[in-house]
Amino acid sequence: MDLDRSVPVWPQVADELRRRLDAGRYKPGERFPGTVDIAAEFDVSQSTAQKAVAALRREGRLYTILGQGSFVKDDG
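1. Examining the pairing of strand 2 (residues 69-72)
So, step 1. Sheet topology note: the strand 1 (residues 62-65)/strand 2 ladder contains four bridges and is antiparallel. Looking across to strand 2, one finds that Leu 62 is bridged to Val 72.
So, step 2. The loop that links strand 1 with its antiparallel partner strand 2 comprises three residues; one of these, Gly 67, has a positive phi angle of about 85°.

Spelled out as structure tokens, the structure:
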């Protein structure tokens, strides 16, 4: 994925992760990739990856278990 570095990057990363969730790439209850992995995949800072994941969490797409990571929330 080519990111437009002239505008904030975290929304672009969040959009791609949202597309993957919508496509069923990550199943409900499945552990979501960590911010270190997301940062490496998209070649962004870990802070940028954290902002993208936080946006998905605010939308109710993910939930976090302290010390275990983020997981895909079941729609039902």
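2. What to know about helix 3 (residues 46-58)
So, step 1. Taking 1.5 Å per residue as the helical rise, helix 3 with its 13 residues ought to reach 18 Å, and the 18 Å between its terminal C-alpha atoms agrees with that figure.
So, step 2. Of the residues making up helix 3, those classed as buried are Thr 48, Ala 49, Ala 52, Val 53, Ala 54, Ala 55 and Leu 56.
So, step 3. The inward-facing, buried residues of helix 3 abut helix 1 (10-22), helix 2 (35-42), strand 1 and strand 2.
So, step 4. Immediately beyond the C-terminal end of helix 3, within one or two residues, lies Gly 60, with a positive phi of roughly 80°.

3. A word on helix 1
So, step 1. In this model helix 1 runs 18 Å from its N-terminal to its C-terminal C-alpha over 13 residues, within 8% of the 18 Å that 1.5 Å per residue would give.
So, step 2. Along its buried surface, helix 1 packs onto helix 2, helix 3 and strand 2.
So, step 3. Just downstream of helix 1 lies Gly 24, where phi reads positive at about 85°.

4. Describing the packing of helix 1 against helix 2
So, step 1. Two elements in contact, helix 1 and helix 2, have axes separated by 12 Å at closest approach and are oriented at 105°. By the angle class used here, helix 1 and helix 2 are roughly perpendicular. Contact residues: helix 1 offers Val 13, Glu 16, Leu 17 and Arg 20, while helix 2 offers Ile 38, Glu 41 and Phe 42.
So, step 2. Grouping the amino acids of the contact of helix 1 with helix 2 by side-chain chemistry returns four nonpolar, no polar and three charged.

5. Some thoughts on the nonpolar core
So, step 1. Counting 19 residues, the largest nonpolar core has Val 13, Leu 17, Phe 32, Ile 38, Phe 42 and Val 44 as the members making the most contacts within it.
So, step 2. The set of elements that each furnish at least two residues to this core consists of helix 1, helix 2 and helix 3.
So, step 3. A per-element tally of this core places helix 3 first, with five residues.
So, step 4. With near-sequence residues (within four places) excluded, Phe 32 lies in contact with Leu 17, Leu 21, Tyr 26, Ile 38, Val 53, Leu 56, Leu 62, Ser 70, Phe 71 and Val 72.

6. Points about the side chain of Thr 48
So, step 1. Secondary-structure assignment places Thr 48 in helix 3.
So, step 2. A polar contact is formed between the side chain of Thr 48 and the side chain of Ser 45, at a distance of 3.0 Å.
So, step 3. If sequence neighbours within four positions are ignored, Thr 48 has contacts with Val 9 and Trp 10.

Thresholds applied
- Residues numbered from 1 in each chain as written.
- Predicted model: local features only at pLDDT ≥ 70, side-chain atom pairs only at ≥ 80, totals over all residues.
- Heavy atoms only, no water.
- Pairing = 2+ DSSP bridges.
- Helix = DSSP H or I, 4+ residues; strand = E, 2+ residues; numbered from the N terminus.
- Expected span 1.5 Å × (residues − 1).
- Buried < 20%, exposed > 50% of the residue type's maximum accessible area, 1.4 Å probe, protein only.
- Contact = heavy atoms within 4.5 Å.
- Axes fitted to C-alpha atoms, helices over the stretch in contact; angles between N-to-C directions.
- Parallel < 35°, antiparallel > 145°, perpendicular 65-115°, else oblique.
- Nonpolar A, V, L, I, M, F, W, Y, C, P; charged D, E, K, R; others polar.
- Core = buried A, V, L, I, M, F, W, Y, C linked by side-chain atoms within 4.5 Å.
- Polar contact = N/O pair within 3.5 Å; in protein donor to acceptor, adjacent residues only side chain to side chain.

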